[in-house]
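The chain contents come next:
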Amino acid sequence: MGCGISKVDHLSPGQGGKQAWGSGSSVGGDCPTLYVWPGSAPCRAVIMTCAAAGIDVNLLEVNLPEGHHTTEAFSEINPHKTVPVLNDKGYILWESRAIMMYLVSKYARKKKLYSMNLKERALVDRFIHFDIGILSKAVNDYTTPILSPGSPRAPKADGNLRTALDLLENDLIGVQYATGSHVTIADISMVASLWMLEAVNFDIGKWRLISGWISRMKALPFYEE
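1. Quick word on the overall build of the protein chain
Looking only at helices and strands, the protein chain has 8 helices and 5 strands in total. Listing every helix and strand of the protein chain by position from the N terminus yields β-α-β-α-β-α-β-β-α-α-α-α-α. Within the protein chain, the proportion of its 225 residues that are buried is 48%. Counted over contacts in the protein chain with a minimum sequence separation of 6, partners at least 24 positions apart contribute 70%.

As structure tokens, then:
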């Protein structure tokens with residue numbers, strides 16, 4: 001498509017209302033558009049997926065601290081008022097992992113990131129659901145009160161995080177990546193979730209296999225996207 005992963009500066013909610021957000025068709029023409037905020041782990045997961053798969057996208061930054069996601073114009077695109085959001089020629093999709101699955105399935109030339117083989121895909125899906133329901137929730141419950149002082153602390157947040165990490169540590173026994181010898185969107189989704197622990201200086205060194213897996217992920221060329 002020839003767009004690369006191109007960044008577009010912040011859009012003000014006053015810039016043309018709904019049209020400025022590009023709700024009718026992809027803002028960048030032939031390339032899908034992603035509405036993102038750089039400090040968001042789910043947004044980072046989608047951007048890394050695009051880089052890993054060689055998928056060309058345009059990025060539009062939605063400034064969460066300034067509340068741009070709560071505007072009427074943006075809520076017409078995503079009534080849930082969350083990022084990331086995908087606009088693929090007028091097809092609107094939100095929820096990061098759904099976006100990752102869709103983009104790889106539609107645009108990636110090589111499908112190893114999200115195999116077409118039913119059993120291999122089911123294993124990826126298993127880790128994706130583990131991330132949604134257990135890992136990322138535990139990370140968010142632990143980090144939110146630290147990053148946003150005044151936010152209520154979830155009961156047993158510390159213990160729940162350690163339990164989630166223990167589960168992942170066990171899953172990584174004998175493998176290089178979550179499902180085996182190569183990276184999938186499950187790895188990308190989970191490493192993006194764990195990225196937030198770095199912001200609060202959580203020591204993950206106790207979990208030796210997770211630490212090694214994170215190091216391997218960080219060494220991959222798409223990690224810094």
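2. Things to note about the pattern of salt bridges
Scanning the entire structure with this criterion turns up 7 salt bridges. Note that K89 and D88 form a salt bridge whose closest N and O atoms lie 3.9 Å from each other. Residue K89 is classed as partly exposed on the basis of its relative accessible area, which comes to 49%. Among the residues examined, D88 registers a relative accessible area of 3% and is labelled buried. Two residues, K137 and D141, come together in a salt bridge whose shortest N-O distance is 2.9 Å. Here D141 and K137 lie together in helix α5 (residues 118-147), a separation of 4 residues that amounts to about one turn. The exposure class of D141 is partly exposed, given its relative accessible area of 22%.

3. A word on the side chain of D187
Mapped onto the elements, D187 comes out in helix α7 (residues 185-199). Lacking a salt bridge, the buried D187 has R216 as its closest oppositely charged neighbour, with an N-O distance of 7.8 Å. There is a polar contact of 3.0 Å between the side chain of D187 and the backbone nitrogen of T184. Among residues more than four places away in sequence, those in contact with D187 are Y177, A178, H182, W213 and M217.

4. Concerning the environment of F127
Relative to the helices and strands, F127 resides in helix α5. Residue classification places F127 among the buried residues on the basis of a relative accessible area of 2%.

5. Focus: the packing of aromatic side chains
Tallied over the full model, the rule gives 4 aromatic pairs. Taken together, a centroid distance of 5.9 Å and an interplanar angle of 25° make the contact between F202 and W207 stacked. The same class applies to F202 and to W207, which are both buried. Ring-pair connections join several aromatic residues into one group, and the members of that group are Y142, F202 and W207. A cation over an aromatic ring shows up here: R216 above the ring of Y177, its NZ or CZ 5.9 Å from the ring centre.

6. What about the pairing of strand β3 (residues 57-61)?
β3 sits mainly inside the fold: 5 of its 5 residues count as buried. Across the two faces of β3 the burial is the same, with V57, L59 and E61 and N58 and L60 all buried. Pairing of strand β2 (residues 33-36) with β3 involves 4 bridges; the strand directions are parallel. Bridged to L34 within β3 is L59. On the question of chirality, the crossover connecting β2 to the parallel β3 by way of helix α2 (residues 41-53) is right-handed.

7. Points about the packing of α5 against α7
The contact between α5 and α7 brings their axes to 9 Å, and the two run at 10°. With respect to their mutual orientation, α5 and α7 come out roughly parallel. Note on element contacts: α7 touches α5 through I185, A186, S189, M190, S193, L194, M196, L197 and A199, opposite V124, F127, I128, F130, D131, L135, S136, V139, Y142, T143 and L147.

8. Some words on the side chain of N63
In this structure, N63 sits in the loop between β3 and α3 (72-77). The exposure class assigned to N63 is buried, which follows from its relative accessible area of 9%. Of note is the side chain of N63, whose polar atom sits 3.0 Å from the backbone nitrogen of E66.

9. Notes on the environment of K218
With respect to the helices, strands and loops of the structure, K218 is situated in helix α8 (residues 208-218). Given the relative accessible area of 36%, K218 is considered partly exposed. Once the C-alpha coordinates of K218 and V191 are considered, the two residues, 27 residues apart in sequence, prove to be 9.1 Å apart. Among residues more than four places away in sequence, those in contact with K218 are E198 and Y223. At 2.8 Å, the side chain of K218 and the side chain of E198 are in polar contact.

Thresholds applied
Residues numbered from 1 in each chain as written. Predicted model: local features only at pLDDT ≥ 70, side-chain atom pairs only at ≥ 80, totals over all residues. Heavy atoms only, no water. Helix = DSSP H or I, 4+ residues; strand = E, 2+ residues; numbered from the N terminus. Buried < 20%, exposed > 50% of the residue type's maximum accessible area, 1.4 Å probe, protein only. Contact = heavy atoms within 4.5 Å. Salt bridge = Lys/Arg side-chain N within 4 Å of Asp/Glu carboxyl O. Lys, Arg positive; Asp, Glu negative; His and termini not counted. Polar contact = N/O pair within 3.5 Å; in protein donor to acceptor, adjacent residues only side chain to side chain. Phe/Tyr/Trp six-rings, centres within 6.5 Å; stacked < 30°, edge-to-face > 60°. Lys NZ or Arg CZ within 6 Å of the ring centre and 35° of its normal. Pairing = 2+ DSSP bridges. Right-handed = clockwise from strand over helix to strand, strands pointing away. Axes fitted to C-alpha atoms, helices over the stretch in contact; angles between N-to-C directions. Parallel < 35°, antiparallel > 145°, perpendicular 65-115°, else oblique.

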